[in-house]
Amino acid sequence: MKINTYFPVLFLFFALSNPVFSQSLVINEIMTSNSNSIKDEDNSYQDWIELYNSGPTSVNLLGFGLSDDPLVLYKWTFPNVSLASGQYLIVWASDKNKTIVGGQLHTNFKISSTGETILLTNTSGVTISTVPPVNLQTDISYGKYPNGTGPYAYFGTPTPNAANLSAGFSEILNPPVFSQASGFLTSGFSLTLSSPDPGTTILYTLDGSEPDENNLSGTTYNYKNQYPKLPGQAFGPFLYNSFQTLQYTAPIAVADRSSQPNKLSAMSTTYDFTPPYFPNGPIYKGNIIRAKVIKPGALPSKVVSKNYFITPSGSNKYSLPVLSLSFGENDLYDYEDGIAVAGIDFDNWRIANPTKIPSREIGNFERDGIANERKANMHYFVNGQEKINQDVGIRIRGAFSRTYPSKSWNIAARSDFGDDNLSYKFFSDEPYTSYERLSAKSGGSDFYNTMFRDALNHQLVKDLRMETESFQPMVVFMNGEYWGLLNMREKYDNNYFKQVYNIDEVDLLENQGAVQEGDAVDYNNMYSYISSNSFTNDANYAYIQTRMDTDNFIDYFTTNIFAQNDDWPGNNIVYWRKRTSGYVPNAPYGHDGRWRWAIHDMDSTLDEPDHDSLADATSTTGTSPNPPWSTLILRKLLENNTFKNDFINRFADLMNTNFLSARIIAKQNEIAAIIAPEMPDQYFRWKAPLNNGDWQYHLNKQKDFANQRPAFQRDDIRTKFGIASNINASLNVSNYDHGYIKISTIDIKDGTPG
């Protein structure tokens, strides 16, 4: 009997030994919204999960699962790593999916700060540690106390890779309750704030800043409205503004604030000595009210933000969607740290360059990258109804357009701020209902003209063989002050290509190989081949067609040439490919590993109908904006007769369809009619355009371009390629039931542009 029982028990001991030890393994601490605790190896703040081994022996984690979904316990699995007794291990919940032994570990999911169950499962299918869903504020962690064994508590001071030594908080306060939802209302009212938790205090602000118990006395910052733009001009004096947190004691009167003095719109956003764009009187203003709950011994609640616009017109106030951003005003307008002003950076430049005239974006607003992103609350209204209310990251975008008074912005949804998606169908001509990144653009070099040249160009070629950015014009408010018109646009990045093509890894470059995503290795290799080989050889041309989509390239270049883009091709070039080990024939569009070009920033266009942009795009001696490196690919490919004929024929086809004068003018009239009702407020806010007469002048100038450009463009093509004359063709379909005519690349049927 001893023999019969000994072996099963021995087998059972060995079979369960690893699970027994693994049960000393716990999820000890998590952070779901990380903005300043620790960074990963890519120097970015990411969500993290800390494991702790409280047992007496090391545990091998190979095959263990981490998940945020109870139905998929092995959503992410550990590689062959071990956690020694008494040691900690950080796993980044970053969606980067890294499992290299010896490197930092990253899951293939992120954790929503609004709460998700986190589960650790051993190789036997037993979930050995579970963190329940918890709604965490930024930089607040949730961990075990006593360390490794106790219940979970909230920690205001996280301790990644270390023991949880402080008792933490057992209570995190619920957000305050507002008596009125955000919106456009016809009359003022009294707003009541309340807390569902006993013994609490409610703090609130009216100036866009987040309520802060350390700011009850207010914060003062300095700014300037005068900069020495020209040599010899004086350095302007410091001026001062402030913002303050208030303690709620009685209902808040919400009314039309338009008669109050302008604040943000009375501060300079350029390096002008005398800014010409300040409004000549009060502008329309809404009410931005942000509140939170505090209590001794408890973690404060999340901040709740509401926007109220009081106007007799109510929800009919604006014909366009409304974007409202609220933020700590010093984040954007402080002399030293504000990202939307010339500030200290310009003054330091002037000190170092006393005799120069600035010719580029010099100032604090030149600062770039994640370090110069600022947290803001974003509201988005359509027909007066709130569609978005969440915190986002905003940073200034563009190059020279940063010098214009109204900046363009990149808007990023981040899990650190509560949600990593903007869940709304922003563009009626796209199927997508959520976005991670968007841009709000001022019009760039078209800011003082029509304000929509770039968008018009994209709309004209949306059906062609290249990427375009959808657009939605909108009215914008900053901390409740009317801020004019911006265009919401799609943004090319890894998220865009994931959404449109389901591509996980992309090489995305700008201009002369500047890497935005992935790397430039494959492109540089292709460019070197093009530079070093003759394309009179058809075999070389056939090979390069496996490296780049020449149809896409032709559409891209003909579009920019016809539109007379004078800030291109040495600038505003965007090109991309799916990262593959080589050409993948017969793959779905975008998945074959070939390089393609994307339409981008075409605001410096549609101006001079007689300008020979084809000569610019094939020049070997140009400087800015067409240095030789930027024209090389087109010049080399035109050595090949097949490509040259395709280029000429496609150019002719597009001028007979997408670029027909009547079509361009009709599309321009369509967009102009959409924004026309809101233009008077834009004139008053920015003097850009100066007035309706000025706007109409620029609209008519674009119409003249549309009418005159085709004749000049055909002359340029004939001159360049030695073509004696045009050929006119008349087409007649006697019976539509018998099919349609195809001529060159045009399928002539219902729906064909033109």
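Here's a quick rundown of the structure. Here the residue index of a chain counts from 1 through its sequence in written order. Residue-level local features of this predicted model are given only where pLDDT is at least 70; pairs of side-chain atoms are given and counted only at 80 or more, and the full residue set underlies all totals for whole chains, interfaces and linings. Note: side-chain values were computed over all heavy atoms of the structure, leaving out hydrogens and water.

## A look at helix α8 (residues 550-562)
Only DSSP runs of H or I reaching four residues or more are called helices, and only runs of E reaching two or more are called strands; each is numbered from the N terminus. Multiplying one less than the number of residues by 1.5 Å gives the expected span of a helix. With 13 residues, α8 ought to run about 18 Å at 1.5 Å a step, and its terminal C-alpha atoms sit 18 Å apart, in line with that. Any residue under 20% of the maximum accessible area for its type is buried, any over 50% is exposed, and the rest in between are partly exposed; the area is computed with a 1.4 Å probe on protein chains only. Judged by how many residues are buried, α8 sits mostly within the fold: 12 of 13 residues are covered. Polar contact is the term for a pair of N or O atoms within 3.5 Å; when the atoms are in protein, one must be able to donate a hydrogen and the other to accept it, and sequence-neighboring residues count only if both atoms are side-chain atoms. Among the residues of α8, the N-terminal cap falls to D549, whose side-chain oxygen and the backbone nitrogen of D551 are separated by 3.1 Å. Immediately beyond the C-terminal end of α8, within one or two residues, lies Q564, with a positive phi of roughly 60 degrees.

## Overview of the side chain of T657
By secondary structure assignment, the location of T657 is in the loop between α11 (641-655) and α12 (661-675). Accessibility expressed as a relative area gives 7% for T657, which makes it buried. From its side chain, T657 meets the backbone oxygen of D653 in a polar contact 2.8 Å long. Only 3.3 Å separates the side chain of T657 from the side chain of N658, close enough to count as a polar contact.

## Focus: unusual backbone geometry
The omega torsion across Y145 and P146 is 0 degrees, close enough to zero to call that bond cis. For P146, the position within the fold is in the loop between β11 (141-144) and β12 (152-155). For the peptide bond that leads from W568 to P569, omega is 5 degrees, which places it in the cis range. With respect to the helices and strands, the residue P569 is situated in the loop between α8 and β33 (574-578). If you check the backbone angles, D95 has positive phi at about 70 degrees while not being a glycine. You can see D95 is positioned in the loop between β7 (88-93) and β8 (105-106).

## Remarks on the sheet that holds β7
In space, the 6 strands of this open sheet follow the order β8-β7-β2-β1-β11-β12, with mixed pairing throughout. Edge strands, defined here as strands with exactly one partner in the open sheet, are β8 and β12. At least two bridges found by DSSP between two strands is the condition for calling them paired.

## Observations concerning the pattern of salt bridges
If the charged atoms of two oppositely charged side chains come close together, the side chains can form a pair. A carboxyl oxygen of Asp or Glu within 4 Å of a side-chain nitrogen of Lys or Arg is what we treat as a salt bridge. For the structure on display, the rule yields 45 salt bridges. R489 is paired through a salt bridge with D454; the nearest N and O atoms lie 2.7 Å apart. Taken as a pair, R489 in strand β30 (residues 481-490) and D454 in helix α4 (residues 453-460) lie far apart in primary sequence, 35 residues in all. We note a salt bridge from D592 to R594, for which the minimum N-O separation is 3.0 Å. In terms of burial, D592 and R594 fall into one category: buried. Each of E505, D507, D519, D522, R547, R577 and R579 takes part in one network of salt bridges that share partners.

The analysis is restricted to geometry; functional conclusions fall outside its scope.
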